[in-house]
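Chain by chain, the residues run as shown.
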Amino acid sequence: MNKGVSFFNFSIFRILSKEQPFLDQARIRLLYFGFPLVFIALGAVFMSVYFQGQTMLAYTAGVLMVCVAGLFKFLTYRPQWRLISHLLLSAGTIVNLSIVYITLQTVNIVTVQVIILVIVFSYYMLGQTGGLIYSLLNAMPVLVFMIIEFTKGYVISIKPDRIDQSTIIITLFANFILLIFIHSHFYTAFLKNIKQLKESGEDLVALNAQLEKAISKAEKSTQAKSEFLSTMSHEIRTPLNAVIGMSNLLIMGNPRADQKENLEILKFSANNLLAVVNDVLDFNKIESGKLVFENIRFNLVELMNNICGAQMIKAEEKGLLFKLDVDSSLCNKIIFGDPTRITQIIYNLVSNAIKFTAKGNVWVRVTCFEDRHNTVTVKFAIRDTGIGIEEHNLTSIFEPFTQESLTTTRQYGGTGLGLAIVKRLLDLQGLHMDISSIPGSGSEFSFNMEFPVSTEMAVEKAITPLVQPREKADVISGIRVLIAEDNMVNVMLMKKLLSKWNIKPTVAENGLRAVELMQYGNFDIILMDLQMPVMNGLDATMEIRKMADPKKSHIPIIALTASALLDIKEKIFEAGMNDYVSKPFKPDELLEKMHLLVRAA
């Protein structure tokens, strides 16, 4: 229905709209064109009975004419077809029963025709329930009247009217016209509706086909994007690996003070570039929707100490006071959760706090908000005395690649992805971040996280002598190492690094060559790059695991990967590798993993 229809409107086009269902439009048309027919039929009946002197019938016909005219005007002003149908059927039912019980005091062919008309009209207009109700309201009292008249005879004090044959003919003719009109109108409407449904079905099939093509295209696009990121990650991390690795080697070589300063700047810049790459890859991993949260046991206190250990050094270098405060009630609890994602969240928040604080303090507070024995709710809060955030920017800072202002980006750097990653990780777990900030005074970020609690109690670990890097290097000194790597810069870097640990490695330029060297040689461990020509590292590992000699098939293999694919970790372990390090790797991390695997073998 069009809004703002005038009371004096008589056009059907102003009360129909494309938003209305097709059958509703058909019902409105039936009322619009049917009312004039009913009015003309009632007028003919009125004239017939009036000139015959049938007062009650003339009065009834006149009242019905007024009702029909009023309902027609109401329809053209407010086309509430359901209400109008109820009013029309109610009036018809009352008139029909009054004619049977009072006016004519008999049941004739006219009465039967009116009942049939009411039944047909009520079912078409109001559906099954409405049709059944009005059918029973009209048919049952007439049947009761016929039973009374048959058994006892029906006599009241009012003298009945009598209608002649001409009135009966007029009434029957009008009823037949109305019945034909109703059936014809709805038959046409149903045909059009069926045709429309067929066309809609064909359109839906075509739309589904287009949708399937779009989904297939999107999946291919996503796969291409994932592969592109993996390739770009490899291409960026590979030279970064060389830059950071060479910086580490030169720093390990006891350079002069001025050289060490330059090397530290070089390493710092390379690490910053690596952080940018990692932020982009982490955000893509989250946005892809394929991120799966782990549910493993860990001790929260140990995790927080590990996260904040390196950050504390960074804060002290800037002259900031860094304080980590963990609730003592959490010390003896072993909880279930995803320590990797918690590390990402806390690390990003603490890094931001340190970056945007020139002087003052950074506090990290972890408190037990609620303890229900089998679950514990922990509140994490990170507060600083940094530059703060304007109130109108508190929402926008969580948008990807967004910082508070252009000045902030220029002064402090960064991609603007840290808080976006934090927000997405919390959203995926149904958690909310609370922020309070005063520009120039500092900010506080806090959130609550619930963890299931293990029945196992955390116990203090026995103090065991720590294996120092020098001792680890002595353990692996002189071992036989096979390096499968196609990049000559990386090969040179690995050789120089391993020489520090008194190791002279054998180099295979691709996976196939690595398999051949394993068949004819003996090694203690393999450092396997994943992306190589001829045969990649995964396929090479599977070939080695198939070898008949158990010493060769069970050799420890560490993957060297610069890939960003989401399922790379699963692929590494499915291929049979023992562990992996991501390029650019830290020498201590590689040393630790080589030491553990060689000692275990």
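What you see is a predicted model; the values in this text were computed from it and never measured.

## Some details on the pattern of salt bridges
Inference 1: Applying the stated criterion across every chain yields a total of 14 salt bridges.
Inference 2: With a shortest N-O distance of 2.8 Å, Glu370 and Arg372 are connected by a salt bridge.
Inference 3: A relative accessible area of 37% means that Arg372 is categorised as partly exposed.
Inference 4: The residue Arg480 makes a salt bridge to Asp524 at a minimum N-O spacing of 3.1 Å. Taken together, the residues span a long stretch of sequence, with Arg480 in the loop between helix 11 (469-476) and strand 8 (481-484) and Asp524 in the loop between helix 13 (511-520) and strand 10 (525-529) at a distance of 44 residues.
Inference 5: Taking relative accessible area as the criterion, Asp524 reaches 25% and is therefore assigned partly exposed.
Inference 6: Salt bridges sharing partners connect three or more residues here, namely Glu370, Arg372 and Glu450.

## Overview of the packing of aromatic side chains
Inference 1: Summed over all chains, the structure comprises 18 aromatic pairs.
Inference 2: Considering the side-chain rings of Tyr101 and Tyr154, the 5.9 Å spacing of their centres and the 80° angle between planes classify their relative orientation as edge-to-face. On the criterion of sequence distance, the pair formed by Tyr101 in helix 3 (residues 81-103) and Tyr154 in the loop between helix 4 (109-151) and helix 5 (165-252) is long-range, its members being 53 residues apart.
Inference 3: Ring geometry for Phe145 against Tyr154: centres 4.8 Å apart, planes inclined by 65°, an arrangement best described as edge-to-face.
Inference 4: Within the aromatic cluster, the residues linked to one another by ring pairs are Phe10, Tyr32, Phe33, Phe35 and Phe72.
Inference 5: When the ring centre of Tyr77 is taken as origin, the NZ or CZ atom of Arg78, which lies over that ring, is 4.2 Å away.

## Examining the confidence of the model for the protein
Inference 1: Chain-level pLDDT for the protein is 84 on average; 90% of the residues reach the 70-or-more range.
Inference 2: Considering only residues more than four positions removed or in separate chains, one finds that residues 404-413, a stretch of pLDDT under 50, has 15 contacts.
Inference 3: Confidence drops under pLDDT 50 across residues 461-467; counting only partners more than four residues distant or on other chains, this segment forms four contacts.

## What to know about the packing of helix 3 against helix 4
If you want to describe how two helices pack, look at the angle between their axes and the distance between the axes.
Inference 1: Where helix 3 contacts helix 4, the two axes come as close as 9 Å, and the packing angle between them is 10°. Here helix 3 lies roughly parallel to helix 4, going by the angle between them.
Inference 2: Taken together, the residues of the contact of helix 3 with helix 4 break down into 18 nonpolar, nine polar and one charged.

## Notes on helix 4
An α-helix turns once per 3.6 residues; consequently, residues spaced three or four apart project the same way.
Inference 1: Counted at 1.5 Å a residue, the expected span for helix 4 with its 43 residues is 63 Å, but the 21 Å between its end C-alpha atoms falls short.
Inference 2: Capping the start of helix 4, Asn108 holds a side-chain oxygen 3.1 Å from the backbone nitrogen of Val110, two or three residues further along.

## Concerning unusual backbone geometry
Inference 1: Backbone geometry places Asn502, a non-glycine residue, at a positive phi of 60°.
Inference 2: Here Asn502 shows up in the loop between helix 12 (488-500) and strand 9 (506-508).
Inference 3: The exposure class assigned to Asn502 is exposed, which follows from its relative accessible area of 54%.

## Side note on the nonpolar core
Inference 1: Formed by 49 residues in total, the largest nonpolar core has its most connected members in Leu300, Met304 and Phe380.
Inference 2: Those elements that place two or more of their residues in this core are helix 6 (257-287), helix 7 (300-317), strand 2 (321-326), helix 8 (339-355), strand 4 (361-371), strand 5 (375-384), helix 10 (418-428) and strand 7 (442-457).
Inference 3: In this structure Met304 touches Leu324, Val326, Ile346, Val364, Val366 and Phe380, once residues within four positions along its chain are discounted.
Inference 4: Listed in part, the 36 residues of the second largest apolar core include Ile12, Val49, Met125 and Phe186.

## Re the side chain of Gln113
Inference 1: Its place among the elements puts Gln113 in helix 4.
Inference 2: In this structure Gln113 comes out as buried when scored by relative accessible area, which is 9%.
Inference 3: Non-local contacts of Gln113, meaning those with residues more than four positions away in its chain, are made with Leu172, Asn175, Phe176 and Leu179.

## A closer look at a nonpolar patch on the surface
Inference 1: Together, Tyr123, Leu132, Leu136, Met140, Leu143 and Met146 make up a nonpolar patch on the protein surface, roughly 550 Å² of accessible area in all.
Inference 2: Inspection of the secondary structure assignment puts Leu136 in helix 4.

## Overview of the environment of Thr188
Inference 1: Along the chain, the position of Thr188 falls in helix 5.
Inference 2: For Thr188, a relative accessible area of 36% gives the class partly exposed.
Inference 3: Residues Thr188 and Ala26 lie 162 residues apart in sequence; the distance between their C-alpha atoms is 9.2 Å.

## With respect to the environment of Leu596
Inference 1: Of note, Leu596 is situated in helix 17 (residues 587-600).
Inference 2: The partly exposed category is assigned to Leu596, whose relative accessible area is 40%.
Inference 3: Separated by 120 residues in the primary sequence, Leu596 and Ile476 place their C-alpha atoms 9.7 Å from one another.

Calculation notes
- Residues numbered from 1 in each chain as written.
- Predicted model: local features only at pLDDT ≥ 70, side-chain atom pairs only at ≥ 80, totals over all residues.
- Heavy atoms only, no water.
- Salt bridge = Lys/Arg side-chain N within 4 Å of Asp/Glu carboxyl O.
- Buried < 20%, exposed > 50% of the residue type's maximum accessible area, 1.4 Å probe, protein only.
- Helix = DSSP H or I, 4+ residues; strand = E, 2+ residues; numbered from the N terminus.
- Phe/Tyr/Trp six-rings, centres within 6.5 Å; stacked < 30°, edge-to-face > 60°.
- Lys NZ or Arg CZ within 6 Å of the ring centre and 35° of its normal.
- pLDDT = per-residue confidence, 0-100.
- Contact = heavy atoms within 4.5 Å.
- Axes fitted to C-alpha atoms, helices over the stretch in contact; angles between N-to-C directions.
- Parallel < 35°, antiparallel > 145°, perpendicular 65-115°, else oblique.
- Nonpolar A, V, L, I, M, F, W, Y, C, P; charged D, E, K, R; others polar.
- Expected span 1.5 Å × (residues − 1).
- Polar contact = N/O pair within 3.5 Å; in protein donor to acceptor, adjacent residues only side chain to side chain.
- Core = buried A, V, L, I, M, F, W, Y, C linked by side-chain atoms within 4.5 Å.
- Patch = residues over 30% accessible without salt bridge, like charges linked within 9 Å, V, L, I, M, F, W, Y side chains within 5 Å.
- Areas by Shrake-Rupley, 256 points an atom, 1.4 Å probe, with all protein chains shown as cover.

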